[in-house]
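Chain by chain, the residues run as shown.
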Amino acid sequence: MAVSRYRSWGFSTSTAQRANRPSWRTDISQGIDAEAGTSLLPFGNGRSYGDSCLNSGGVLLDAASLDRFIAFDDVSGLLTAEAGVTLADILRLVVPHGWFLPVSPGTSYVTLGGAVANDVHGKNHHCDGTIGQYIHSFELVRSNGDVLTCSESDNVDLFAATIGGLGLTGFITKVCIQLISINSSEMDVRVDAFQGLQAFAELSAERKNDYQYTVAWLDCAASGAQFARGIFLSANHAPSGSLHSSSHVSKLSIPVPLPTWLLNTYSIRAFNKLYYYKQSQQHEKVFRQDYQPYFYPLDAIANWNRIYGARGFYQYQFVIPLDNLPVLESLLRDIVDSGMGSFLAVLKEFGDIESPGMLSFPRQGFCLALDFANRGVKTEQLIQRLDQQVMECGGAAYPAKDRLMSAKAFEQYFPKMGEFTSLIDPNFSSDFWERVSG
Amino acid sequence: MADQQQMALLGATSALAQAVARRLADEGHSLTLVARNEEKLGQFADDLRVRGASVTCITADFDALDTHDSLVEQIADCDEVFCFYGTLPDQSACEQNWTDAHNALQTNFISVVSLLNRLANRFEQRGHGNLVVVSSVAGDRGRKSNYIYGTAKGALSIYCAGLRNRLASSGVHVLTVKPGFIDTPMTAHLEKKPAPLWVGPDRVAKDIVKAAAARKNVLYTPWFWQLILLIIQHIPEPIFKKLSL
């Protein structure tokens, strides 16, 4: 067994971690080599922000080499691939044939297995739900040697536990997913500048009927009269046009972690101001844009997490019920007042489509995702304060982005935890799970 | 872009071969994949087919020299043949057991020569073709940590140089590839130090495909290995023999 260096997206430094990297899916289905007393955890492409993708006391099963396609039916749009294939690989293959991912998270550099294990959502949650709805079936290998096909009709309990199950139910070797058809690889995007959360809620309510994709960027450094200003983006796949896949190769790269002093209240405020004014020039304009910059703008900059310097950063993403707009406002005030808000505050209204996953994070409400440079205790306290308010109003936080959630919070956010716990693979665990399972 | 050609890859299920195959398929070439394990070969062939490539699979045991005539018969019509297969033997096991050393020399040198000898004659007859042979920087100078492997690869490099010289006038080309440290399942048990010297297979594959198309003679990949080996080769033996490299 090799010792390699692994890290999650929010940690700036990697840690030595024992890992196995199977070359073939049959290596796994012939038996997961579980040493007695050592826990296992599948690892995709390390794009989880917190500690749900790390297993410092045990062994990682790295899916990087399991990156093969198995079958693609370009008439029905059904794709079967190994779990280590990335969403970028899939788009490169299927877009020229007129197909697209049914759900796109903020980066195309996640693996298909990771997308299932986190039941990822995207800008179309209000009308299409999470990726879990489009998973036709997958193969799950358990440490006792069982090789199980899971779907809505086979091994239904494990199907529901594995979607959003954070890799704890076994190793996903291959996934069959239903794609959606498109007539163009471009997007029709409409831009609206807004001022205040009420204005956001009204825009969102209005746009969600006519647009498949809606999301807003929020300036979380602006205070006073400019508090809660933002840019609302609504989009649809263009009804006609050419079909070509984007390169999915980053043009820029941050070579090393940047000095931490570079990011301060002033530079962030200046950046947000600039971004707001640049975008608001487009107010009420509609334009056509390639799918790549629309869905995955940050993929253009390799290792963008190094912007946060040697101490890394936290991301905090939560959802609160729709009737809690004042709570959202108070949370945002806390963030603005703390001066710790950063570039990426993304606000989105989730719809009421329920995912098949037991531990799925998305549920109806307003969802806000934020980055915080790691400033030690101060940052942790802010996130814990936010967590407290989210708990009080019946919301939930997203495990894929978390490294602070308490066992109590986890139990409240995910009421099916008991049932889920009975279905996990007894030889699997993660740093996240060690913490929240108490 | 080059015309569409038929490319044969020997040892097609190795990580490096898979990376090269994907790049060749991307360029529109048809592929003949040869490897020992039918199941793995099938898994990789499915991947290439989904990506739109035309793929033929041949199962073969390269150590079985008596099957080489028929194997060469099946791939002799290919425009280019890429030879990837090989093993990375455990040096101390090779020192203790002659069988281990013999197997390492057999797979990494004798068997490759057996195939190239036959292929060279066929290619020479028809007057065109490209033989791409993966050797190693380990063959440039004997070191105590891996000299059995190094011997096989060094001998292979010499063989390729001779073959290239012989075939130059007949329009057949030979490329000797000398990769450094590649992070693959074959090297999974090794500690990846010094880290900057280790690269993924796709980085090396990119260089190989480019060098093959450019009819380059010897390729060190990544490029800095040429510099490193230049230094290593010029260390005087009285000093070198005392080093732990």
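Presented here is a report on the structure given in the accompanying data block. Please read all numbers here as calculations on a predicted model, not as lab measurements.

## Details of the sheet that holds strand β18 (residues 313-320) of chain A
Residue and element names in this part refer to chain A. The strand order across the open sheet formed by eight strands is β16-β12-β14-β13-β19-β20-β18-β21, and the pairing between neighbours is antiparallel. Both outer strands of the open sheet, β16 (285-290) and β21 (396-397), are each paired with one neighbouring strand and no more. Against the sheet, helix α6 (residues 197-207) engages β12 (186-195), β13 (213-218), β14 (229-237), β19 (346-350) and β20 (365-373), with an angle of about 150 degrees to β12. Most of the contacts of helix α9 (residues 325-338) go to β20, to which it runs at about 5 degrees, and overall it touches β13, β18, β19 and β20.

## Quick look at the side chain of R207 of chain A
All names here are of chain A. For R207, the position within the fold is in helix α6. Of the polar contacts made by the side chain of R207, one reaches the side chain of D192; its length is 2.5 Å. Among residues more than four places away in sequence, those in contact with R207 are R190, D192, T214, F232 and S234.

## Brief notes about the interface of chain A and chain B
Each partner contributes to the interface: chain A provides 16 residues, whereas chain B provides 15 residues. Each partner contributes to the roughly 1,400 Å² buried at the junction of chain A and chain B, and carbon and sulfur atoms together form 49% of this total. The tally of links from chain A across to chain B stands at two salt bridges. Of the charged contacts in the structure, one is a salt bridge between D67 of chain A and R22 of chain B, with a shortest N-O distance of 2.9 Å.

## Side note on the nonpolar core
Among soluble globular proteins, nonpolar side chains are generally buried collectively. In this structure, F138, F372 and Y413 of chain A are the most contacted members of the largest nonpolar core, which totals 120 residues. Those residues in contact with F372 of chain A that sit more than four places away from it in its chain are F313, Y314, Y316, I335, M340, G341, T379, L382, I383 and L386 of chain A. Of all hydrophobic cores here, the second largest spans 35 residues; its members include A17, F84, V134 and V204 of chain B.

## Focus: the environment of W225 of chain B
Residues and elements named next belong to chain B. Assignment of secondary structure puts W225 in helix α8 (residues 224-234). Of the residues examined, W225 reaches a relative accessible area of 5% and is grouped as buried. Considering only alpha carbons, one finds W225 and L197, 28 residues apart in sequence, at a separation of 8.7 Å. When sequence neighbours within four positions are dropped, the list of residues in contact with W225 reads V137, G180, F181, L197 and Y220.

## Details of the side chain of S157 of chain B
Residue and element names in this part refer to chain B. Its place among the elements puts S157 in helix α6 (residues 147-167). Within the structure, S157 has its side chain in polar contact with the side chain of S135 (distance 2.7 Å). Every residue in contact with S157, bar those within four places of it in the chain, is listed here: S135, T176 and K178.

Rules behind the numbers
Position numbers for residues start from 1 in each chain and track the written sequence from start to end. Chains carry letters and ligands carry numbers; both start at the beginning, A for chains and 1 for ligands, and go up in the order they are written. Two thresholds apply to this predicted model, a pLDDT of at least 70 for residue-level local features and 80 or more for giving and counting side-chain atom pairs, whereas whole-chain, interface and lining totals are computed over all residues. As a rule here, side-chain values come from all non-hydrogen atoms in the structure, and water together with hydrogens is ignored. Two strands pair under a simple rule: DSSP has to find at least two bridges between them. For the purposes of this entry, the term helix denotes a DSSP run of H or I that reaches at least four residues, the term strand denotes a run of E that reaches at least two, and both are numbered from the N terminus. What makes two residues a contact is simply this: any of their non-hydrogen atoms within 4.5 Å. Interaxial angles span 0 to 180 degrees and are taken between N-to-C directions of axes, which are lines fitted to C-alpha atoms, for helices over the stretch in contact. Identification of polar contacts relies on pairs of N or O atoms within 3.5 Å, with a donor-acceptor requirement for protein atoms, meaning one able to donate a hydrogen and the other able to accept it, and with residues adjacent in sequence counted only if both atoms are side-chain atoms. Throughout, buried area stands for the accessible area (probe radius 1.4 Å) lost by two parts on being put together, summed over both. A carboxyl oxygen of Asp or Glu within 4 Å of a side-chain nitrogen of Lys or Arg is what we treat as a salt bridge. By nonpolar core we mean a set of buried residues, namely Ala, Val, Leu, Ile, Met, Phe, Trp, Tyr and Cys, connected to one another through side-chain atoms within 4.5 Å. Throughout, exposure labels follow a simple rule: accessible area from a 1.4 Å probe, protein chains only, divided by the maximum for the residue type, with under 20% read as buried, over 50% as exposed, and the rest as partly exposed.

In short, shape yes, function no, at least from these values alone.
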